[in-house]
Amino acid sequence: MKRDLTDLALFGGRPALLHPLHTNQPNTVDRTRLFDRLTWALDNQWLSNGGPLVREFEDRVAELAGVRNCVATCNATTALQLLMRAADLSGEVIVPSLTFAATAHAARWLGLEPVFCDIDPVTGCLDPERVAEAITPRTSAVVGVHLWGRPCAVNQLGKVAANHGIPAFYDAAHAIGCTSDGRPVGGFGVAEVFSFHATKVVNAFEGGAIVTDDDEFADRVRALHNFGKGLASVSEAGGTNGKMSEASAAMGLTSLDTFDDTVRHNRANYDTYRAELADLDGITFFAHDPEERHNFQYVIVEVDEETTGLSRDLLLDVLHAEQVMALRPIGSPACHQLEPYRSGRPVSLPHTERLVARVISLPSGTTVNREQIRRVCAIIRFAVAHGTAVTARRRQG
Ligand code: T4K
């Protein structure tokens, strides 16, 4: 970061925040409860392989998602692979490019070909019309992603998939606690996958889950995530180890204990950002559907360079100089812009490319408070007020 940008900043070159503020800082958990659970697990001398804490965690996640079955896993990437393996997918799998690389990598790791499809610019999720166009005789599934917690057009995607006789699945890594048409994310498609990575709204250090109402599918996934034990077919008997540990379940349960409080805090953060930036032209919030429940885990804003006079990346540079470690959000760059996909077959994804170049993920979560958000917003306001000057200085070098 060049000093000249810092000099322009609001606090005269002095850091606006005492400590760096990171996007995706883990949410706080009640340490006493966590340590009690860990002590209990150690005393119980059962630390993995479907122990009592994992079973309790699975029950509570299934309840939150409104589904009959939850299989907890070591992370969501493995859960996606288990799901694709359990569904016996082959050939091509349609995915959005605007997602964390794990969605596409999971398919590729299994020898499937991820086929990237464009998004609806309003929701940031797969556009069902584009999906219909992308389906070929080699397509074996559609895997939508509820990007930044906003659910996909699940009804339309389900219809498109059904019309072609293929299943729809969802990567719901961002969307636990969110709803579509009032129904909780978790029950859409054949199955959905949650992530409980440290940076997620429910944090199990590392963790994931497959949730489904299909009992037979759940049984297959459960067997496959435990070396294939219990599967009749010899060809499937080489499952993997995708199990969640008791330590992760202890963390996940403790995180779930305060889930409602976390969402309330996230909501308050989001409202503060909106209020502080309400009248700032050129900065718009990625839309949530006000009729639906949302976990408000991510605060995503779009930067319009023409109006603000500064690019998304330059605004990020200014924020970083002021110790606000905001990020290009998950999905930026888009998968098709990254190796190994970039050198594959060329794709035209205009909505994906436009959105991905304009968005910023601002710090939120329970470790971020209103006063810090006000300071972040003051920096953004200042940067935008001097957008043209900041850009000119950057161009001068
Ligand atoms: N599908 C989607 C749509 C996903 O977003 C993800 C994961 C997956 C599938 C796969 O889920 P998992 O297999 O991971 O369960 C992080 C996470 O590792 C990943 O879980 C997450 N999405 C992804 C979006 O973010 P990185 O490589 O970008 O993380 P990193 O180390 O660059 O950190 C990002 C930010 O978080 C930084 O600002 C620092 C902060 N951070 C991170 C960690 C781990 C902390 O403050 N504390 C921490 O402990 O992948």
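Coordinates for the structure precede this section.
In this report, we go over the structure that sits alongside the text. Keep in mind that what you see is a predicted model, and the values were worked out from it rather than measured.

### Let's talk about the sheet that holds strand β12 (residues 299-303)
Logical step 1: The 3 strands lie next to each other as β11-β12-β14, forming an open sheet whose pairing is antiparallel. At either end of the open sheet lies a strand with only one pairing partner, and these are β11 (283-285) and β14 (359-362). Neighbouring strand axes in the sheet, compared pairwise and without regard to direction, differ in orientation by 35° on average.
Logical step 2: The pairing of β12 with β14 spans 4 bridges and is antiparallel. The partner of V301 across the bridge, within β14, is I360.
Logical step 3: Packing of helix α12 (residues 312-321) onto the sheet brings it into contact with β11, β12 and β14, and relative to β14 it is tilted by some 25°.

### Section: the site of the ligand
Logical step 1: Around the ligand sit 22 residues in total, of which T23, T77, D171, H174 and S195 are the nearest.
Logical step 2: A distance of 2.6 Å separates a nitrogen atom of the ligand from a polar side-chain atom of D171.
Logical step 3: Sorting the residues of the shell around the ligand by element identifies α4 (76-86) and α5 (102-109) as the ones contributing at least two each.
Logical step 4: Class assignment for the residues of the shell around the ligand results in 7 nonpolar, 13 polar and 2 charged.
Logical step 5: When residues are assigned to domains, the shell around the ligand turns out to be shared by domain 1 (9-26 + 259-326 + 363-395) and domain 2 (31-257), each giving three or more.

### A look at unusual backbone geometry
Logical step 1: Here E339 and P340 are connected by a cis peptide whose omega angle stands at 5°.
Logical step 2: Turning to its location among the elements, P340 is positioned in the loop between β13 (324-325) and α13 (350-356).
Logical step 3: Although it is not a glycine, D88 sits at a positive phi angle of roughly 55°.

So, how was this worked out
Residues numbered from 1 in each chain as written. Predicted model: local features only at pLDDT ≥ 70, side-chain atom pairs only at ≥ 80, totals over all residues. Heavy atoms only, no water. Pairing = 2+ DSSP bridges. Helix = DSSP H or I, 4+ residues; strand = E, 2+ residues; numbered from the N terminus. Axes fitted to C-alpha atoms, helices over the stretch in contact; angles between N-to-C directions. Contact = heavy atoms within 4.5 Å. Near = heavy atom within 4 Å. Polar contact = N/O pair within 3.5 Å; in protein donor to acceptor, adjacent residues only side chain to side chain. Nonpolar A, V, L, I, M, F, W, Y, C, P; charged D, E, K, R; others polar. Domains from an automatic or database assignment.

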